[in-house]
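Listed below, chain by chain, are the residues.
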Amino acid sequence: MKKKWWHGKVAYQIYPKSFNDTTGSGIGDLRGITEKLDYLKDLGVDIIWLSPCYCSPFADQGYDISDYYNIDPVFGNMDDMDELLAEAKKRDMYILMDLVVNHCSDEHEWFKKAMEDPDGEYGKYFYIEEGKDGKEPNNWRSYFGGSAWEKIPGTNKYYLHLFHKKQPDLNWENKKVREEIYTMINWWLERGLAGFRIDAIINIKKALPIIDYCYPPDREDGFVETHRMLKDAIGVGDFLTELKNETFAKHDAFTVGEVFDEREEDIPLFIGDDGYFSSMFDFNETIFGKSKNGWYDCKPITPDDYKRCCFETQEKIGDIGMISTIIENHDEPRGVSHYIPADELSETAKKFLGTMQFMLRGLPFIYQGQEIGMENVNFTSMDQIDDISTRDQYKVAIEAGLSPEEAFAAVKHYSRDNSRTPFQWDDSKNAGFTTGTPWLMVSPDYKRINAASQINDPNSLLSHYKKLTALRKDPEYTETVVYGKTVPYLPEVEKLMAFKRVTDNQTLLVLGNFGIKPQTVKLPSKCKKVVLNNVENVDFVSDTEIRLEGYQALIIEI
Ligand code: TEU
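Residues numbered from 1 in each chain as written. Predicted model: local features only at pLDDT ≥ 70, side-chain atom pairs only at ≥ 80, totals over all residues. Heavy atoms only, no water.

A.B. asks: Tell me what's going on with the environment of leucine 160, and back it up with residues and numbers.
C.D. replies: Position of leucine 160 among the secondary structure elements: in strand β8 (residues 157–160). Overall, leucine 160 belongs to the buried group, its relative accessible area being 1%. When the C-alpha atoms of leucine 160 and aspartate 98 are compared, they prove to be 22 Å apart, with 62 residues separating the residues in sequence. The contact partners of leucine 160, leaving out residues within four places of it in the chain, are Tyr127, Trp140, Ala148, Trp149, Pro168, Asp169, Lys206 and Ile210. (Helix = DSSP H or I, 4+ residues; strand = E, 2+ residues; numbered from the N terminus. Buried < 20%, exposed > 50% of the residue type's maximum accessible area, 1.4 Å probe, protein only. Contact = heavy atoms within 4.5 Å.)

Printed below as a string of C-alpha cells:
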C-alpha cells in the first residue's frame, strides 16, 4: 500500500444541525463549527466531515439537496463556509463535505423541470417509467418503506426514489447528469475543500432495464428490498472511475465512501492504491444482526460478535488499503449503548470501546459526542422522534403485529435520532447548545454527560480520547499504530478482545476485557512498556500474565 498524507490523521464527523447554535435559532450553524475548531484541534482532530449543509427542505435532514451550490440559510451562508475553510486551514485542518449524488431533492430545479415535462430534457435526469397494469413499474421497496416509485400526477408515469419520495434518484446513465455533478464537485474543491464523504454511492448503478427486475417479494407488503437489485446491478465501477478521474484525482482530494453491498473481490478497486476512493467505512459491526423484516427483528450484538466483526474486516482489508473505522454515525445508535450491555456501561467501558477503535488498523472517525460518551436517548414517545427511518420502522413493527408500546420499545434503540440530539457542551439550559428551542430534544442526561465537566479532568473520557489521538501521532508509535499489521491474539477466548499490531521493529499488544468480570491473560512474551491504560493499575500476576479488570483496555509494548 502506498503511503498517503492522511493515513496518520484523526477524523471527526459533525452533524451541523446539532453541533453548536450561535444564533438562537435552535439549529446548529457553520459559525458554531468555526467557534469550536479549537476544541476539535485540542482533541487531536485533523479532518472534519460535515454532514450536508447545502440548501434542503430537510425531508431527510439535508440528505435531500435542492441547491448544491449554496449553504442552507439555517446554517449561514457562503461567507461563513469560506470563513470555516480559512480558519480550518490556519489550524492545519481539512474540511470534507457530504457528497449526496445518488439523489437530489424533489425541490431541486432539475426535478421541478422534469415534473413539468417528464418526456423532456430534465425528465432524463431521473428514472421515469410507465406504470404496469395500473401499478408501479416494479416491486422495489424504498429504504424508507413502501414502493420506491411515486406516481407523477396526471400521468401513468412514476419516478424512482430508492430513499424517500422527496429524494428522486438521479439518472447516472445520462452523461449530462454526470457532467453536472462533476462540475459541481470541482467547483467545491476549487473553493478549498479537502474532499468528500460520499453518500450511498453504491446505489447509483441500477439493474437495467429497470422494469425487467421484479423479484419475489420478501415481506407481505409485496415489495423486495433494494439490496436484492444491487446484486444484479453491474458496472458501478465505470461510473466511479470516471467520477474519480474527472474530479477527485485532479485535486488530490481525500474521499471516504459510504459503501454497502460491495463484492469482496472488488475491495481493491474501491480502496486499493488506485481505488475509486481514498477510503471507505467499515460497517461490518453496524450491520450485524440486521433483519430483512425490520428493526424490530434485529438480533442484538454480543461482545464476541463485535470482536469477530472487527477482526473479519481487518483480515479482509489487510494491506489492500486503509479502511475508516467508526463506532457510530448519524445513522446509528450511540456505540456505547449499542455495543456495551446497558447494565455494564461505565466510563471505563466507554474508554475501552474508544481504545479498540483507535488501535484497529484504519482511519478513526469520531462522531460528535462520542468523545464525551453521549449515550442513546431515553425517548419516551414517538412524538419525540423526527427521523423518517424510525417512523417507517415503527409502522413496520406495528404491521408485523406488535402493540404500539412493543413497537416503540423495539425501534427506539435503533433510532437514528439517538445520535442526532444536540451536542452536550455544558450543564446549562439546553446543554449550552442553543439559547433558543432546540430542533430536536436535548437528551435529559446532559447534566451528567457534557464536555465542560470533562475538559479539565485528566481522567475523563475526553482526556482519554486525547491520549488516543496523541498516541496515533507519537513519533515513537505512529508507524505501528497507523501501519502495523493486525494479528488477533487468543481470539477464541470469550469476552477478550486482544490483538497485536506488528511492524518490523515493534509489536504493540492491545488487551481488552470486553466484560465486567476480571480475567487473567497470558502474554506471548514479557511486557517491555505500558503504553496506555484506561484504569489506574496494571495487575501483573507474573512476568507474562496480567489480570485485567472489567473493561480494562491496555496497550503494551512487547
Ligand atoms: O445512508 C444510506 C444508507 O443506505 C443507510 O444509512 C441506511 O439505509 C439508512 O440509514 C436507513 O436506516 C445515507 C445517509 O447516511 C443517510 O443519513 C441518508 O438518509 C441516506 O444516505 C440517504 O441520503
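The discussion continues.
A.B. asks: Could you give an account of the sheet that holds strand β20 (residues 545–548), naming the residues involved and the relevant values?
C.D. replies: Strands sit in the order β17-β20-β19 across an open sheet of 3 strands; the sheet is antiparallel. Each end of this open sheet is capped by a strand with a single partner; those strands are β17 (519–522) and β19 (539–542). Geometrically, the sheet is characterised by an average inter-axis angle of 35 degrees between neighbouring strands, direction not taken into account. Alignment of β19 against β20, held across 3 bridges, turns out to be antiparallel. Bridging from a neighbouring strand, aspartate 539 pairs with arginine 547 of β20. (Pairing = 2+ DSSP bridges. Axes fitted to C-alpha atoms, helices over the stretch in contact; angles between N-to-C directions.)

A.B. asks: Now, about helix α9 (residues 303–317): what can you tell me, with residues and values included?
C.D. replies: The terminal C-alpha atoms of α9 lie 22 Å apart, and with 15 residues this matches the ideal 21 Å at 1.5 Å per residue to within 8%. The buried fraction of α9 amounts to 11 of the 15 residues, a majority that puts the element mostly inside the structure. Regarding α9, the residues found buried are Pro303, Asp304, Asp305, Tyr306, Lys307, Cys309, Cys310, Phe311, Thr313, Gln314 and Ile317. The elements touched by buried residues of α9 are α8 (267–271), α10 (335–339), α11 (347–359), β14 (485–488) and β15 (496–502). (Expected span 1.5 Å × (residues − 1).)

A.B. asks: For the sheet that holds strand β5 (residues 94–99), give the residues involved together with the corresponding values.
C.D. replies: A sheet is described by the order of its strands in space; here 8 strands give the open sequence β11-β10-β9-β5-β2-β1-β13-β12, paired in parallel fashion. Since the sheet does not close on itself, it has two edges, and those belong to β11 (279–280) and β12 (324–325), each with one partner. Of the pairings in the sheet, the one linking strand β10 (residues 254–257) to β11 comprises 2 bridges and is parallel in character. Note that in β11 the partner of valine 256 across the bridge is serine 279.

A.B. asks: How would you sum up the site of the ligand? Please name residues and give values.
C.D. replies: Not every one of the 17 residues close to the ligand is listed here, only the nearest: Asp60, His103, Asp199, His330 and Asp331. Contact distances for the ligand include 2.9 Å between an oxygen atom and a side-chain N or O atom of histidine 330. Here an oxygen atom of the ligand and a side-chain polar atom of serine 389 are 3.2 Å apart. A breakdown of the residues in the shell around the ligand according to their chemical character gives 6 nonpolar, 4 polar and 7 charged. (Near = heavy atom within 4 Å. Polar contact = N/O pair within 3.5 Å; in protein donor to acceptor, adjacent residues only side chain to side chain. Nonpolar A, V, L, I, M, F, W, Y, C, P; charged D, E, K, R; others polar.)

A.B. asks: Mind laying out the nonpolar core, listing which residues take part and the relevant values?
C.D. replies: With 150 residues, the main nonpolar core has Tyr12, Leu50, Met81, Trp188, Phe196 and Met497 as its most contacted residues. When residues in this core are grouped by element, the largest group, 7 residues, is from helix α5 (residues 175–190). Not counting residues up to four positions away in its chain, the partners in contact with tryptophan 188 are Tyr54, Tyr68, Ile71, Met78, Met81, Met97, Leu193 and Phe196. (Core = buried A, V, L, I, M, F, W, Y, C linked by side-chain atoms within 4.5 Å.)

A.B. asks: Explain a negative patch on the surface residue by residue, including any values.
C.D. replies: Taken together, Glu264, Glu265, Glu312 and Glu315 make up a surface patch of like negative charges. Given a relative accessible area of 46%, glutamate 312 falls into the partly exposed group. (Patch = residues over 30% accessible without salt bridge, like charges linked within 9 Å, V, L, I, M, F, W, Y side chains within 5 Å. Areas by Shrake-Rupley, 256 points an atom, 1.4 Å probe, with all protein chains shown as cover. Salt bridge = Lys/Arg side-chain N within 4 Å of Asp/Glu carboxyl O. Lys, Arg positive; Asp, Glu negative; His and termini not counted. Charge placed at Lys NZ, Arg CZ, Asp CG, Glu CD.)

A.B. asks: Can you tell me about empty space enclosed by the protein, naming the residues and giving the values?
C.D. replies: Throughout the structure, instances matching the rule amount to 4 cavities of 30 Å³ or more. The space that makes up the largest cavity amounts to roughly 100 Å³. For the largest cavity, the full set of lining residues is Ile202, Lys205, Leu230, Ala233, Val236, Asp261, Glu262, Arg263, Asp266 and Phe270. The class makeup of the residues in the lining of the largest cavity is 5 nonpolar, no polar and 5 charged. Surrounding the second largest cavity, Asp282, Glu285, Tyr306, Cys310, Gln314, Thr325, Ile326, Gln357 and Leu360 form its lining. Considering every element that reaches the lining of the second largest cavity, the biggest residue donor is α9, with 3 residues. (1 Å grid on protein atoms, 1.4 Å probe; cavity = no way out; pocket = protein on both sides within 12 Å on 5 of 7 lines; lining within 4 Å. Points joined across faces, edges and corners; volume = space filled by probe spheres on them.)

A.B. asks: Describe in detail the pattern of salt bridges, supporting the description with residues and values.
C.D. replies: Overall, the coordinates contain 41 salt bridges when judged by the stated rule. A salt bridge links aspartate 119 to lysine 157; the nearest nitrogen and oxygen atoms lie 3.4 Å apart. Placement of the pair is aspartate 119 in the loop between α4 (109–116) and β6 (128–130) and lysine 157 in strand β8, with a sequence separation of 38 residues. Judged by its relative accessible area of 54%, aspartate 119 falls in the exposed class.

A.B. asks: Break down the packing of α11 against helix α15 (residues 461–473) for me, with residues and values.
C.D. replies: Running from N to C, α11 and α15 cross one another at 20 degrees; their axes reach a closest spacing of 10 Å. In terms of axis orientation, α11 runs roughly parallel to α15. Crossing angle aside, the handedness with which α11 passes α15 is right-handed. Between α11, through Glu347, Lys350, Lys351, Gly354, Thr355, Phe358 and Met359, and α15, the contact on the second element is made entirely by Leu461, His464, Tyr465, Leu468, Thr469, Leu471 and Arg472. Classifying every residue of the contact of α11 with α15 gives 6 nonpolar, 4 polar and 4 charged. (Parallel < 35°, antiparallel > 145°, perpendicular 65-115°, else oblique. Left-handed = near helix turned anticlockwise from the far one by under 90°.)

A.B. asks: Explain unusual backbone geometry residue by residue, including any values.
C.D. replies: Residues other than glycine predominantly adopt negative phi, and peptide bonds predominantly adopt the trans conformation. Along the chain, leucine 208 connects to proline 209 via a cis peptide bond; the corresponding omega equals -10 degrees. Tracing the backbone through its elements, the reader meets proline 209 in the loop between β9 (195–198) and α6 (226–232). Residues other than glycine seldom take positive phi values, yet phenylalanine 58 does so here, at roughly 65 degrees. Tracing the sequence through the fold places phenylalanine 58 in the loop between β3 (54–55) and β4 (67–71). You can call phenylalanine 58 buried: its relative accessible area is 17%. Positive phi, close to 50 degrees, is recorded for aspartate 133, a residue that is not glycine.

A.B. asks: How would you explain the side chain of lysine 157 if you had to name every residue and give the values?
C.D. replies: Since its relative accessible area comes to 15%, lysine 157 is described here as buried. A polar contact of 3.4 Å, which involves the side chain of lysine 157, links it to the side chain of aspartate 119. The contacts of lysine 157, once residues within four sequence positions are left out, are Pro118, Asp119, Ile128, Glu129, Glu130, Glu150, Lys151 and Ile152.

A.B. asks: Provide a residue-level description of the environment of cysteine 298, including the pertinent values.
C.D. replies: Here cysteine 298 lies in the loop between β11 and α9. In the structure, cysteine 298 is positioned 112 residues away from alanine 410 in sequence and 9.0 Å away in space, judged by C-alpha atoms. Those residues in contact with cysteine 298 that lie beyond four places of it in its chain are Gly289, Lys290, Ser291 and Tyr414.

That is the geometry; function is a separate question.
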